[in-house]
Amino acid sequence: TTGDADVGQPHPEVLPVLLAPPAADRDAYIAQSVEGSRAIGSREHFDEARAAEVAARGYDRCYYPAGVGHHLVAIVASPSRSEALRRFDKPALVIHGLEDPLVDPSGGERTAEVLPDAELMLLDEMAHDLPVVLWPQVFTAITKLAASATAVA
């Protein structure tokens, strides 16, 4: 999203899950992370085992309980990026899930509006994740964009 206050806001029902106090241990962290992933993930394609595996790897790599709070403060404190995006002069593809409860699709739509000549790809079965089943569609769009950028250069 652009950071404009009138677009891209989270849906109220996901906030309690995302604002829960940090987990006290690895197992609790994995369970909490899976619940958070379920809350913002694609309903039809949610993979609990994969979400648990990603959470476990993240915890083992570096569990930093204050990180979520820092991330949220950075989001709230950041100004709009719309003017800077309007000056962007490279091909762009904005991919956004229509089921995204964390960043409302209006955020992706505004991003595509302000980026000159951006292509907007809205995916029906996607939320705030990238389900494996949608990888071919997304990879094809990215490859097409990359090929067009190379041809222009």
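Above this text is the structure in question.
Report follows, based on the coordinates. (Residues numbered from 1 in each chain as written. Predicted model: local features only at pLDDT ≥ 70, side-chain atom pairs only at ≥ 80, totals over all residues. Heavy atoms only, no water.)

### Brief notes about the pattern of salt bridges
Under the defined criterion, the tally for this structure stands at ten salt bridges. Across the pair Glu 53 and Arg 57 runs a salt bridge, and its minimum N-O distance is 2.7 Å. Here Glu 53 pairs with Arg 57, and both are found in helix H3 (residues 48-62), just four residues apart, close to one helical turn. Assessed through its relative accessible area of 47%, Arg 57 is described here as partly exposed. (Salt bridge = Lys/Arg side-chain N within 4 Å of Asp/Glu carboxyl O. Helix = DSSP H or I, 4+ residues; strand = E, 2+ residues; numbered from the N terminus. Buried < 20%, exposed > 50% of the residue type's maximum accessible area, 1.4 Å probe, protein only.)

### Comments concerning the nonpolar core
Membership of the largest hydrophobic core is limited to seven residues, which are Leu 93, Met 121, Leu 123, Met 126, Leu 134, Val 138 and Ala 141. For this core, the elements supplying multiple residues, two or more each, are strand S2 (119-123) and helix H7 (135-152). (Core = buried A, V, L, I, M, F, W, Y, C linked by side-chain atoms within 4.5 Å.)

### Topic: the pairing of S2
Sheet topology places strand S1 (residues 93-97) next to S2; five bridges connect them, and they run parallel. Bridge pairing in S2 links Val 94 to Leu 120. Handedness of the crossover is the feature at issue here: the chain leaves S1, passes through helix H6 (residues 105-114), returns alongside S2, and the resulting connection is right-handed. (Pairing = 2+ DSSP bridges. Right-handed = clockwise from strand over helix to strand, strands pointing away.)

### Topic: a nonpolar patch on the surface
Nonpolar side chains collect at one region of the surface, where Leu 15, Leu 19, Val 68, Leu 72, Ile 75 and Val 76 lie side by side and expose about 550 Å² of accessible area between them. Sort the elements by how many residues they give to the nonpolar patch and helix H4 (residues 67-77) lands first, with four residues. Counting through the fold element by element, Val 76 comes out in helix H4. (Patch = residues over 30% accessible without salt bridge, like charges linked within 9 Å, V, L, I, M, F, W, Y side chains within 5 Å. Areas by Shrake-Rupley, 256 points an atom, 1.4 Å probe, with all protein chains shown as cover.)

Fair warning: the whole summary comes from geometry, so function is off the table for now.
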